[in-house]
Amino acid sequence: MAQNPIPVYLIAGFLDGGKTNFIAPMLSGKDFTEDEHTLLIVTEEGEEEYDLDALRRRDVRVEYIDGEEDFTRERLTKLDAKYQPSQIVIEYNGMWQIAATQDAFPDHWTLYQIVTIVESPTFNSYAKNMASLMMEKLRLADLIVFNRCTDELAPMLRQRNIKLLNRRAEIYLEFDGERMEEYDDGSVCPFDLSKPVLELSDEDFGFWYTDCQDKPDRYEGKLVRFHGMVAQSPKFPRGSYAVGRFAVVCCAQDTAFLGMLCYGPEQKKLQNKDWAEVTARVRIKNLRVLGGEGPVLYTTEVKPAPAPEDTMVYF
């Protein structure tokens with residue numbers, strides 16, 4: 001009989017970087033643990049310790065796995081049978097690769113969220129001396145928290161532009177455990193604009209579209225290339241059409257077409273729902289259909305292209 005999927009929350013980061021201080025209040029409060037039977041797996045022990053009595057009152061059970069060689073499917077399957085949890089939190093050893101974790105999971109364990117905790121004062125040192133381990137944890141994360149941040153460190157962290165590494169993740173700076181700021185304060189572009197052409201992958205398009213709509217001045221005059229679906233409409237200005245992607249904004253039932261208005265001689269030849277590779281220059285134009293000033297594209301090359309395997313864009 002197939003078992004119901006169990007969500008796994010993996011909290012990654014280096015030793016004494018603040019993982020325990022992130023996890024403990026999450027598990028001792030009822031918002032996360034209400035009506036749940038939680039298994040906490042700890043794979044490294046730092047200076048901070050868990051209050052086991054407080055966790056037990058929230059129906060949280062704790063198991064310790066000391067070595068990577070013991071983090072196996074057999075061991076995890078035994079823990080699953082022993083505790084029969086409804087959710088799992090793993091405090092993950094910073095020296096272990098995340099990519100191998102799911103091979104050890106029982107089939108019904110589902111990696112639901114990866115949270116990477118980074119100690120701001122030591123970030124540059126780890127990024128320099130343990131680059132592959134650090135970058136993997138940043139690249140795969142759904143949520144990144146730079147803790148122990150200061151007003152002096154914040155500009156440096158923003159200048160490193162972690163958004164280039166992971167545009168999907170939510171990123172926050174935490175000051176003194178009390179004040180939180182969004183990493184993206186608009187001061188740093190999430191794309192590398194130093195190259196002659198900004199090449200957008202299928203995954204990049206949605207993020208670029210929203211950033212271009214919010215900050216069109218950042219991209220004015222820039223040559224971009226992307227893969228999209230054509231939309232023709234009599235509501236568009238004469239000689240123009242749109243190219244873009246349908247995006248899942250919240251759920252499968254909540255989709256929207258993210259289309260960039262394009263001008264070019266190919267407009268009359270393109271059909272609705274054609275797929276094309278578009279190379280175009282971004283310009284700002286004042287149009288009624290845009291509700292005022294906004295970005296439009298002047299094409300330099302448009303080529304037919306096959307539809308991608310997954311036509312949707314996800315945030």
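Above this text is the structure in question.
Residues numbered from 1 in each chain as written. Predicted model: local features only at pLDDT ≥ 70, side-chain atom pairs only at ≥ 80, totals over all residues. Heavy atoms only, no water.

With respect to the pattern of salt bridges
Next, step 1: Summed over all chains, the structure comprises 20 salt bridges.
Next, step 2: When the shortest N-O distance is used, the salt bridge between Glu 44 and Lys 19 registers 2.5 Å. In this pair, Glu 44 sits in the loop between β2 (38-42) and α3 (52-57) while Lys 19 sits in helix α1 (residues 19-28), placing the two residues 25 residues apart along the sequence.
Next, step 3: Classification of Glu 44 by relative accessible area gives buried; the value is 12%.
Next, step 4: In this structure, Glu 63 and Lys 82 form a salt bridge, with 3.2 Å as the shortest nitrogen-oxygen distance. Here Glu 63, found in strand β3 (residues 60-64), pairs with Lys 82, found in helix α4 (residues 73-83); they are 19 residues apart in sequence, far enough to count as distant.
Next, step 5: For Glu 63, a relative accessible area of 13% corresponds to the buried category.
Next, step 6: Residue class for Lys 82 comes out exposed when judged on its relative accessible area of 56%. (Salt bridge = Lys/Arg side-chain N within 4 Å of Asp/Glu carboxyl O. Helix = DSSP H or I, 4+ residues; strand = E, 2+ residues; numbered from the N terminus. Buried < 20%, exposed > 50% of the residue type's maximum accessible area, 1.4 Å probe, protein only.)

A short note on the layout of surface pockets
Next, step 1: The computed volume of the largest pocket comes to approximately 420 Å³.
Next, step 2: The set of elements that each furnish at least two residues to the lining of the largest pocket consists of β7 (170-175) and α9 (202-214).
Next, step 3: Looking at which element gives the most residues to the lining of the largest pocket, the answer is α9, with 4 residues.
Next, step 4: Here the lining of the largest pocket is built from residues that sort into 7 nonpolar, 1 polar and 9 charged. (1 Å grid on protein atoms, 1.4 Å probe; cavity = no way out; pocket = protein on both sides within 12 Å on 5 of 7 lines; lining within 4 Å. Points joined across faces, edges and corners; volume = space filled by probe spheres on them. Nonpolar A, V, L, I, M, F, W, Y, C, P; charged D, E, K, R; others polar.)

Brief notes about the sheet that holds strand β8 (residues 179-182)
Next, step 1: In space, the 8 strands of this open sheet follow the order β3-β2-β4-β1-β5-β6-β7-β8, with mixed pairing throughout. Strand pairing shows two members of the sheet lacking a second neighbour, β3 and β8, which therefore form its edges. Between one strand axis and the next, the sheet turns through 20° on average, direction left out of account.
Next, step 2: Relative to β7, strand β6 (residues 143-149) is paired through 5 bridges, and the arrangement is parallel. Its bridge partner lying in β7, Val 145 is registered against Tyr 172.
Next, step 3: α4 rests against β1 (6-12), β2, β3 and β5 (109-119) of the sheet, and its axis sits at about 155° to β3.
Next, step 4: Contacting β1, β5 and β6, helix α7 (residues 131-140) runs over the sheet at an angle of about 125° to β5. (Pairing = 2+ DSSP bridges. Axes fitted to C-alpha atoms, helices over the stretch in contact; angles between N-to-C directions. Contact = heavy atoms within 4.5 Å.)

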